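Understanding the architecture of this molecule
Below are the chains, spelled out letter by letter.
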Amino acid sequence: MALGGVKIVGVGHHAPAHVVANSDLEQWLDTSDEWITARTGMKRRHWAAAGESTSDLALVAANQALEYAGLQATDIDCFIVCTVTPDYYFPATACLVAARLGAKDRPAFDISIACSGFIYGLTAASGLIRSGVYQRIMLIGAETLSKILNKDDRSTAILFGDGAGAVILEAAQENSFLSSELGSDASRPELLYVEAGGSRHPIDRAALDERLNLVQMQGREIFKTAVIKMIEATAKALEKAALSKSDITLLIPHQANKRIIDAAAHYLEMPGDKVVTNIHEYGNTSAASIPIALSETVRAGKIQPGNVIVFVAFGGGLSWGAVTWRWAA
Ligand code: UT7
């Protein structure tokens, strides 16, 4: 079967109004602006207000993307939300977003693969369009990680933030999707997980007392794997697309730690001005981090037709992935 092309025609992003600076965290945690800045590159993060949910953030980003593309919600054939902080177990957050946009009859589903969500989503959505199943897909990465953070645990509370980024993918003559490399290894899920709340460990009194319904991470253990897997995935994605490092115009990595990004950029021989970072403003927003960074970069006019972009991520699962993308007019 001959595959068609796909391109991005709309982008949007949104973060909650409430900003939590490093100095705010100093008020209740044994931490410091110096430590957080030096070890992570983070200065601020946005946390949703009480009652502000993932679909609330996704909706704003989606509306921005529709406006950018000059489209109505009813022009979209399918909605996908990548998130590990859905509004509910079910229905899927994508169904809520579609209904709230006024496209309630459309197919909609979520992808749950933590920080790699947007990379998996971009691969799946591109495949659905290139194989002719759908003409237009709204792909959103959206998270309210502040809702599942143990705010008393300095090893995780400082790292995560909330936000949403949306892209609209459309069938096209030319093809932007060049390659994808995805992977996972859940031999040690406890490296980064929420232990209670699923079928293995339903929430009970003891789980709440021990805060097992909140994020736990062994950060030091996964740091090295993050760097290795992001480099490996990028190298394999470049090889699949018959590209070399020097063909990359822009690297848009998941924003987990500035030191992880710098290490990956160093291997890829990418100077700082070719690496998109906004970690100082948002912290780690999991599946939202790459589409937020993409939307900011596109809206700032920093991407031109023909530019080759590498999107790369690593996160809970463990999971990882990279996509190479040639920006279309
Ligand atoms: O997006 C999903 C994937 N996630 C990641 O990729 C995260 C990967 N990991 C990381 O980014 C880093 O490991 C962290 C930022 C989480 C931690 O940085 P680190 O340089 O690996 O620090 P560490 O865990 O080795 O801790 C060093 C020291 C420890 O003290 P001792 O044992 O040396 O006395 C920690 O207790 O820093 C201490 N520490 C802190 N100090 C001040 C840990 N957290 C903090 C804190 N403020 N917030």
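The preceding data block contains the structure.
Keep in mind that this is a model prediction, so the values were computed, not measured.

What follows is about the pattern of salt bridges. In total, this model carries 13 salt bridges according to the counting rule given. Note that Asp-56 and Arg-100 form a salt bridge whose closest N and O atoms lie 2.8 Å from each other. Here Arg-100 lies in helix 4 (residues 93-101) and Asp-56 lies in helix 3 (residues 54-69), a separation of 44 residues in the sequence. With a shortest N-O distance of 2.9 Å, Lys-258 and Asp-262 are connected by a salt bridge. On the criterion of helical spacing, the pair formed by Lys-258 and Asp-262 is a turn pair, its members being four residues apart in helix 9 (residues 258-267). Residue Lys-258 is classed as partly exposed on the basis of its relative accessible area of 29%.

Let's shift gears to the packing of aromatic side chains. Enumeration according to the criterion identifies four aromatic pairs in this entry. A ring pair is formed by Trp-28 and Trp-47, whose centres lie 6.4 Å apart and whose planes are at 55°; its orientation type is tilted. With Trp-28 in the loop between helix 1 (22-25) and helix 2 (33-40) and Trp-47 in the loop between strand 3 (44-46) and helix 3, this residue pair connects regions lying 19 residues apart in the sequence. Take Trp-28: its relative accessible area is 39%, and that puts it in the partly exposed class. When the centroid spacing of 6.3 Å and the interplanar angle of 85° are considered together, the rings of Phe-177 and Trp-325 count as edge-to-face. Of this pair, Phe-177 sits in strand 8 (residues 177-184) while Trp-325 sits in strand 13 (residues 319-326); the two residues are 148 residues apart in sequence, bridging distant segments of the chain. The buried category is assigned to Phe-177, whose relative accessible area is 12%. Here Lys-151 stacks its cationic end above the ring of Trp-47, 4.7 Å away from the centre of that ring. The cationic tip of Lys-245 hangs over the ring face of Tyr-267; the distance from NZ or CZ to the ring centre is 4.1 Å.

It is worth spelling out the site of the ligand at this point. Surrounding the ligand, one finds 23 residues, the nearest of these being Thr-31, Arg-39, Arg-220, Asn-257 and Asn-284. One of the backbone nitrogen or oxygen atoms of Gly-219 is found 3.1 Å away from a nitrogen atom of the ligand. Within the side chain of Asn-257, one N or O atom sits 2.7 Å away from an oxygen atom of the ligand. Taking 950 Å² as the accessible area of the ligand by itself, protein coverage stands at 76%. When contributions to the shell around the ligand are tallied by element, the ones reaching two or more residues are helix 2, helix 8 (219-240), helix 9 and strand 12 (308-315).

Moving on, we come to unusual backbone geometry. Following Phe-90, the chain continues to Pro-91 via a peptide bond in cis, the omega torsion being 5°. As for its position among the elements, Pro-91 is in the loop between strand 4 (78-82) and helix 4. The amide bond that connects Gly-317 to the next residue, Leu-318, takes the cis arrangement and shows omega of -5°. Note that Leu-318 resides in the loop between strand 12 and strand 13. Phi angles above zero are rare outside glycine, and Arg-211 is one such case at about 55°. Within the element layout of this structure, Arg-211 appears in the loop between helix 7 (205-209) and strand 10 (215-217). Given a relative accessible area of 34%, Arg-211 falls into the partly exposed group.

This next bit is on the nonpolar core. Core analysis: the largest hydrophobic core is formed by 43 residues, its most contacted members being Leu-25, Leu-251, Met-270 and Phe-314. Elements with a minimum of two residues in this core: helix 8, helix 9, strand 12 and strand 13. In contact with Leu-251, not counting residues within four places along its chain, are Ala-265, Leu-268, Met-270, Lys-274, Val-275, Val-276, Val-310 and Val-312. Listed in part, the 33 residues of the second largest apolar core include Val-6, Ile-8, Cys-82 and Leu-250.

On to the sheet that holds strand 13. Strand order in the open sheet formed by four strands is 8-13-12-11, with mixed pairing between adjacent strands. For this open sheet the edge positions go to strand 8 and strand 11 (250-253), each flanked by a neighbour on one side alone. In this sheet, neighbouring strand axes are inclined to one another by 10° on average, regardless of whether the strands run parallel or antiparallel. The pairing of strand 8 with strand 13 spans seven bridges and is classified as antiparallel. Across the sheet, Ser-184 pairs through a bridge with Ser-319, a residue of strand 13. Strands strand 8, strand 11, strand 12 and strand 13 of the sheet are contacted by helix 8, whose axis makes an angle of about 145° with strand 12.

About the thresholds
What you see as residue numbers is a count from 1 along each chain, following the sequence as written. Whole-chain, interface and lining totals are the exception, using all residues; otherwise, since this is a predicted model, local features are given only for residues with pLDDT of at least 70 and side-chain atom pairs are given and counted only at 80 or more. Hydrogens and waters are ignored; side-chain quantities use all the structure's heavy atoms. We count a salt bridge whenever a side-chain nitrogen from Lys or Arg sits within 4 Å of a carboxyl oxygen from Asp or Glu. Helix and strand assignments follow DSSP, with helices taken as H or I runs no shorter than four residues and strands as E runs no shorter than two, numbered in order from the N terminus. Between buried and exposed lies partly exposed: a residue is buried under 20% and exposed over 50% of the maximum accessible area for its type, with that area taken using a 1.4 Å probe on protein chains only. A pair of aromatic rings is counted whenever rings of Phe, Tyr or Trp (Trp by its six-membered ring) have centres within 6.5 Å, and the orientation is called stacked for planes under 30 degrees apart, edge-to-face for over 60 and tilted otherwise. By definition here, charges over rings are those cases where NZ of Lys or CZ of Arg is within 6 Å of the ring centre and within 35 degrees of the ring normal. Near is defined per residue: the residue qualifies when any heavy atom it owns lies within 4 Å of the molecule or strand. We call two N or O atoms a polar contact when they sit within 3.5 Å, provided that within protein one can donate a hydrogen and the other can accept it, with sequence-adjacent residues counted only if both atoms are side-chain atoms. Here, Shrake-Rupley sampling with a 1.4 Å probe gives the accessible areas, and only protein chains in the shown set may cover a residue. Only buried residues count toward a nonpolar core, which is a set of Ala, Val, Leu, Ile, Met, Phe, Trp, Tyr and Cys residues joined through side-chain atoms within 4.5 Å. In this analysis, two residues are considered to be in contact whenever any of their non-hydrogen atoms come within 4.5 Å of each other. If DSSP finds at least two bridges between two strands, the strands pair. Lines fitted to C-alpha atoms define the axes, with helix axes restricted to the stretch in contact, and inter-axis angles between N-to-C directions lie between 0 and 180 degrees.

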